[in-house]
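Reading the structure
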Amino acid sequence: MASEQDNCHLCKEYLRDAVSIPCGHIFCSICLKTYWDHADHTGTYLCPQCRVSYNKRPTPRRAGGSRYSSLQHNSDSFPPPPPSPDYNVAGPQDVGCDICVGKKNKAVKTCLMCLASYCERHLKPHYESATFKRHKLVDEIGHLDRQICPQHQKGLELFCRTDQMCICVLCTVKEHKGHDMVSAEQERADEQQRLGATQAEIQERIHDRLKQMEELKQAVDVLKNSAQRSMQEGEKMLSDMIRSIERMQQEMAKLISTNKRAALNNADGHVERLTHEISDLKRRDSEITQMSRTEDHIHFIQSYHMLIAQTEAEELPTVTVNPYFTFGPVTKAISEMKQHMNEFSNDELVKVAKTVNKMTFCQLEDPKKKHQSKGEDAPIYRAVQVQEPQHRDDFLKYACQLTLDPNTAYRQLQLSRSNRKAALKRDPHSYPDSAARFDSLPQVLCMEALAGGAYYWEVDWSGEGAAMGVTYRGIKRTGYGDGCRIGYNRKSWSLFCSDSSYSARHNKDQIEVNAPYSPRIGVFLDHVGGTLSFYSLGETMSLIHRFKTSFTEPVYPGFWVWYESAITLIQL
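Everything quoted here is computed from the prediction, not taken from an experiment.

1. Some points on the sheet that holds strand β15 (residues 454-462)
- Taken in spatial order, the 7 strands line up as β12-β13-β24-β15-β20-β21-β22 in an open sheet, and their pairing is antiparallel. The sheet is open, and its two edges are formed by β12 (413-416) and β22 (541-548), each paired on a single side. The average undirected angle you get between the axes of adjacent strands in this sheet is 20 degrees.
- Bridging between β15 and strand β20 (residues 520-526) involves 7 bridges; their strand directions are antiparallel. Residue pairing in the sheet places Glu458 in a bridge with Gly522 of β20.

2. Re the sheet that holds strand β8 (residues 137-139)
- Strand order in this open sheet of 3 strands is β7-β6-β8, and the pairing throughout is antiparallel. In this open sheet, the two edge strands, each paired with only one partner strand, are β7 (116-118) and β8. For this sheet the average axis-to-axis angle between neighbouring strands, irrespective of direction, equals 35 degrees.
- Bridge count for strand β6 (residues 109-111) against β7 is 3 bridges, and the pairing is antiparallel. If you follow Thr110 over to β7, its bridge partner there is Ser117.
- Along the sheet face, helix α3 (residues 120-128) touches β6, β7 and β8 and points at about 110 degrees away from the line of β7.

3. As for unusual backbone geometry
- Even without a glycine there, the phi angle at Ser418 is positive, about 55 degrees.
- With respect to the helices, strands and loops of the structure, Ser418 is situated in the loop between β12 and β13 (421-424).
- Look at Asn419: it is not a glycine, yet its phi comes out positive at around 60 degrees.
- Summarising the element assignment, Asn419 is placed in the loop between β12 and β13.
- A relative accessible area of 24% places Asn419 in the partly exposed class.

4. Some remarks on the environment of Ser462
- Along the chain, the position of Ser462 falls in strand β15.
- Its relative accessible area of 37% is what places Ser462 among the partly exposed residues.
- Along the backbone, Ser462 and Arg520 are 58 residues apart, and their C-alpha atoms lie at a distance of 9.0 Å.
- Those residues in contact with Ser462 that lie beyond four places of it in its chain are Glu564, Ser565 and Ala566.

5. A few points about the packing of aromatic side chains
- Applying the stated criterion to the full structure yields 12 aromatic pairs.
- Taking 5.1 Å as the distance between ring centres and 75 degrees as the angle between the ring planes, the aromatic pair formed by Trp493 and Phe551 counts as edge-to-face. Of this pair, Trp493 sits in strand β17 (residues 492-497) while Phe551 is found in the loop between β22 and β23 (555-561), placing the two residues 58 residues apart along the sequence. Accessibility assignment for this pair places Trp493 and Phe551 in one class, buried.
- Seen in terms of ring centroids, Phe534 and Phe547 are 6.3 Å apart; in terms of plane orientation they differ by 80 degrees. Their pairing is edge-to-face. Taken as a pair, Phe534 in strand β21 (residues 531-537) and Phe547 in strand β22 lie far apart in primary sequence, 13 residues in all. Considered together, Phe534 and Phe547 belong to a single accessibility category, that of buried residues.
- Lying across the ring of Phe438, Arg477 places its NZ or CZ 5.3 Å from the centre.

6. Overview of the confidence of the model for the chain
- Across the chain, the average pLDDT comes to 81, with 86% of residues at or above 70.
- The weakest mean pLDDT in the chain belongs to helix α2 (residues 66-73) at 49; the strongest belongs to strand β14 (residues 443-445) at 96.
- Low confidence marks residues 69-79, where pLDDT is under 50. Its contacts with residues over four positions away, or in another chain, come to 9 contacts.
- Low pLDDT (under 50) marks residues 369-386, which in the prediction has 24 contacts with non-local residues, meaning those over four places away or in another chain.

Calculation notes
- Residues numbered from 1 in each chain as written.
- Predicted model: local features only at pLDDT ≥ 70, side-chain atom pairs only at ≥ 80, totals over all residues.
- Heavy atoms only, no water.
- Pairing = 2+ DSSP bridges.
- Helix = DSSP H or I, 4+ residues; strand = E, 2+ residues; numbered from the N terminus.
- Axes fitted to C-alpha atoms, helices over the stretch in contact; angles between N-to-C directions.
- Contact = heavy atoms within 4.5 Å.
- Buried < 20%, exposed > 50% of the residue type's maximum accessible area, 1.4 Å probe, protein only.
- Phe/Tyr/Trp six-rings, centres within 6.5 Å; stacked < 30°, edge-to-face > 60°.
- Lys NZ or Arg CZ within 6 Å of the ring centre and 35° of its normal.
- pLDDT = per-residue confidence, 0-100.

Quick look at the structure:
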């Protein structure tokens, strides 16, 4: 008697031509093939034993091991192959025949009149008997209770459009009397038509998405190639820079060695000369000592005059040593060069990083923004590298002194500090009537018109939120509409500041900017070059956003201030 491990789970007989599938279970090759052939129409393949599902039909592998090998080699001793299992029997996921007793076969059709499902054998009367000619057969469906009216226990045949539900004939007498009702077939036809339109739209979307995906894949390939090429070229250029620095190191070593050798040779020459002069002077000193001891007066007098004349005739040069001579200037020069290189490389890397970070590789486009009104050009925001100052001291060369114009201030904006500060208060201020005043929005403009040059100013802001920017004189002053709001129309540009983010605004577009919080903002306007830049000021000065446009007339600095907030123009 063979153990269950040697039997096929499907045919319950000895394994023949045993094969295994990914979950590890083993079956007869012919049994597994037959079983999965019946599952081809569903697209889902289950392990007959553990019910693990596979979306793709696995490729069975011949089972290894001596046990199955021996079964194969001794196949002659086994009885002939058993008949293929009966796969007409309904499984757990199949619809069973309602007429079969005991083991139920798979249902092939469902009768909507009988509200029952039939296998091929029990379905024959519906085809052969005139009694069932008017019965409607459909492909087998489960949950027939959904086809029955829960109140009248009749088949659902109608659709009530008033209540949007399926009903039976008896429902029309009372519950749905007077309602808009059609047959289920007609409602199906109408919905099928709408479904067809929806499907066509879905297919069009699929086509568009596939096209976008293909474009994105191509762009990704281009991106990868560009990144690889830039990396290789960057590594090559940096390697060249390293070699240049190594050559500079060699030149520096050569310079120091040459000057050191020249200085040492010069010193050695002076030492040799001084040594010779010291020897000569010692010799004369010895002669003077001997002459002083002689008792011959004539010899003393003759030797004295000769020695004195020789000493006075020879003037020995003086060797002066520079106590401050050092190679420190070389070290200092190299240190300064290192600092300059670090600053330059950091600045350039920051520029490159900002430029790359501002570029958008791909993004989701809001369909609502795709429809621009005719005659209006959508503004384009780019982070454009222009010839602007790089340090605050350089910006200060373009500093201008601004003053808030009381004739434009919203009545609840209180001006102070010689009209350099504006704060939004709850009580209105008694400003005189002016056609230039913003009557509904908490905004104020400066008196100065800026045109034909470069200008720089700084603004302190505090509170929950404030905006700063520039506008043409013709901006609307009455009402709440976008035509009055600084940054919300074609006549103005602004940067809104909060304690957590910034947003750049012009016309219908708004760009969210992620940058560190800063209570002081620097604004640089190049009216001729067409740039308006905003910088955060702190220990360092960093760009928040830059508008690139073409100014067609003078602009006025302007501000929007929220409750419990204030802006202050800084005197530079």
